[in-house]
Amino acid sequence: MNGSNMEEVMAETAREDILGRLRAAPPKTVPPRPHLPPMKEAELAGEAMVAYLMERLAAEAYTPFRVKDRREALDKLAQIVKEEGLTCVMASTDDVVAPLDLPAWGREHGVEVMQPGQFADRQEYKSAIFDRAQASVTGASFVVAETGSLGLVHGTDNPRLLTLAPILHIVLIPADHVVPALDAAVGRVFGQKGKYPSQFSFATGPSLTGDITGYLFRGMHGPRRVMAIVIG
Amino acid sequence: MKIRTEQFNQLAAVEIEKARVRPFLKMVPEFLYRKRAAGLPSLPDPDAAQAYAAAVRAEVVNRLPDLLEEFERNATANGAKVFWARDAKEANDFIVKVAKERGVKTVIKGKSMITEELGLNDVLTANGITPWETDLGEFIAQQMNLPPFHIIAPAMNIPVEEIRDCFMEKAGMETPTVDPVELGYAARVFLRDKFQGAEMGIAGVNIAVAETGTVINVENEGNIRFSKSAPKTLVSVMSLEKVIPTMQDAINMIRVLARNCTGQRISAYVSMESGPKRADEVDGPEELFIVILDNGRSKIYQDTEVREIMQCIRCAACLNICPVYRQIGGYAYGGAYSGPMGQALMPLLFGLDRTKDLYRACSLCGACASVCPAGIDHPKLFLNFRDKDVKQDPRFNSQQRPAKERMFFRLFSLGMSHPGLWKLGARLFRPIFNLNAHDGVVSRMPGPLAGWFRKRDMPAMPVKPFHQRWEELKDKKS
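Residues numbered from 1 in each chain as written. Chains lettered and ligands numbered in written order. Predicted model: local features only at pLDDT ≥ 70, side-chain atom pairs only at ≥ 80, totals over all residues.

1. A short note on the overall build of chain A
Short version of the rule: By definition, any uninterrupted DSSP run of H or I lasting at least four residues is a helix, any uninterrupted run of E lasting at least two residues is a strand, and each is numbered from the N terminus. Our radius of gyration is a C-alpha quantity, and the globule rule it is checked against amounts to 2.2 Å times the number of residues to the power 0.38. Here exposure depends only on C-beta density: within 10 Å of a residue's C-beta, 20 or more other C-beta atoms make it buried, 12 or fewer make it exposed, and intermediate numbers make it partly exposed, the C-beta atoms being placed from the backbone.
The helix and strand inventory of chain A stands at six helices and twelve strands. A globule of 232 residues ought to have a C-alpha radius of gyration of about 17 Å, yet chain A, at 22 Å, is considerably larger. C-alpha atoms of chain A, sized along the principal axes, occupy 70 × 50 × 45 Å. Classification of the 232 residues of chain A by burial places 49% in the buried group.

Spelled out as structure tokens, the structure:
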């Protein structure tokens, strides 16, 4: 028996040992689950839902904006780029941002717009997102009114570090991407057995810490500011 | 970390005198407690939600083997590699082996109590691998070589001046400051290189979903997301009770966990891995290892009376409300876990003999149980441990109580069950007790009762007790 076989056998034994002990334990009956009242936000719809989201975005320390359409969203983006003095950003290629053709838009507005797909490997991409991108511009698969959370299905179009590494994150939220409650993730992301994204995350506002003497402040390892442009 | 649960009383005596820690202990647990109280009402019926969470955790703990097998099956189908570890050594050996085989020199870690329990950092360091704690509090604790003071705010007790000095020396901070925001920024800048360069990430697990094979982390800083996204290899370590049946259960649990922890509706980040990155993704781990750790838990599982401690979701609500924790802080407990959840868990992990003072350092006020979203009755567990200890239950290494104590309680029990003996004993005891009275107060006492009087006093006993006077008065009247 070679070394690696030996290890496999040992691991298998540990598994059997642990499960065996758990199975041998005396059973205990527990009462059935009590009734769980649904979240009141679950009933939100239409304009009331978007208005509720705007409130949550403010409460979670986003910098929220609301615009009429995609054209106005681009104007707002141009204004942010100018005010923040951005010269290099990275944009997602998800269904919200891709149709805007931000690289072309960037050339008009004097800002380099990188996209995750343009990098040959992890190393190159990492140095761009850690060292060069002053901000990221992304959409979200859906946005939760209940908590003001961005539902981010990570993948080639919206990789994980894109919404995490740059100190400023600008997110575009079409009103039809707003859902009432967190439960939306159950069906939308995990609804098809075995076809789950390698990573899914809820991101809610800028990163936060209270680890030094309990003093709470925004902007720890993740973005320090998240600007949310709600469209429609 | 070195387990020092045996020294609880000595450590507590030292901690309680630390003047610099007192303002933080007064402030932070109370602050978190109030945040919780303010956050819970955003649920439609907070009591019902707490009861529901408790019922789910109780159900999980009683269905563990089935749920673990389901989780393993689905996690494996997602492409994760699941490794079972009977104890800390097996888990640590495995993680070191994974790191060495991949030539890993630097590891970034998300805050996890489970790797504290494993003592993983020491093992990695001994094997030439540098672990970087990346949670701000855990980073401070690691740099200052301190254990966690609180399970969710591990360095809340460190004054800003000490953090400044530490960061100047060890974290490349150039301009001295005591501003928490500036200190946080210095740590951000310092750790960014580590996030970018480390070859391996290690994280704990808050929730493992059986139905989907997904592991979930809940955090505010973003360091766990970095640890799970930037390196090529990821090891997620979970104790075996973290599993939960469905994704819907996980969503409900996240709502309750965040509110009990910090009063938030949801933490800033909740990230969920279902397997390693797909081939066309530019970031994320190429390999995802999930370590399922037993380390004494399957033994706890055998005892249906104490099994409920495995329902714990590590929210720290019990620490924040505990009148004992609020006085002594987290170091005195002598292990990774502190407060009531630590007092209830560590005796079962390390043995009742090594934790005698831990489960006795409780007035049984029940504040912890009243806030627990997982349905744990901590005082009931403490009474169970004390009972096992006295009866020398061998399952968790309980030893006999000292001979004097046993003798005392034997006599006490004899007296309590024989009124004549009790009266006689009391009559003999009163004058001896009163020998120590000064101006009608006993404030010191030699012998075995000395400890009780160290910080208390008691009025001297009357020569004739009330019952006797009452009898005499009645006689006189008639």
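Still more ground to cover, so stick around.
2. Focus on the interface of chain A and chain B
Just so we agree on the cut-off: What counts as a contact here is a pair of residues whose C-beta atoms, placed from the backbone, lie within 7 Å. When residues are grouped by polarity, Ala, Val, Leu, Ile, Met, Phe, Trp, Tyr, Cys and Pro land in nonpolar, Asp, Glu, Lys and Arg in charged, and all others, Gly among them, in polar. Whether two strands pair depends on DSSP finding at least two bridges between them.
At the junction of the two partners, chain A supplies 65 residues and chain B supplies 81 residues. Breaking the side of chain A that touches chain B down by element, the ones donating at least two residues are α1 (3–24), α5 (122–132), α6 (184–188), β9 (199–203) and β10 (208–209) of chain A. Element by element, the count of residues in the side of chain A that touches chain B is highest for α1(A), at nine residues. Of the residues assigned to the side of chain A that touches chain B, the class counts are 34 nonpolar, 19 polar and twelve charged. With five bridges connecting them, β9(A) and strand β9 (residues 269–273) of chain B associate as antiparallel partners. Bridging from a neighbouring strand, Phe202(A) pairs with Val270(B) of β9(B).

3. With respect to the pairing of strand β6 (residues 214–219) of chain B
All names here are of chain B. Of all six residues in β6, six are buried, a share of seventy percent or more. Alternating positions in β6 separate into two faces, Thr214, Ile216 and Val218 on one and Val215, Asn217 and Glu219 on the other, with burial throughout. Pairing of strand β5 (residues 207–209) with β6 involves three bridges; the strand directions are antiparallel. Bridged to Ala208 within β6 is Val215. Pairing of β6 with β9 involves five bridges; the strand directions are antiparallel. Along β9, the bridge assignment pairs Val218 with Val270.

Note that every value here comes from positions in space, so none of it alone points to a role or purpose.
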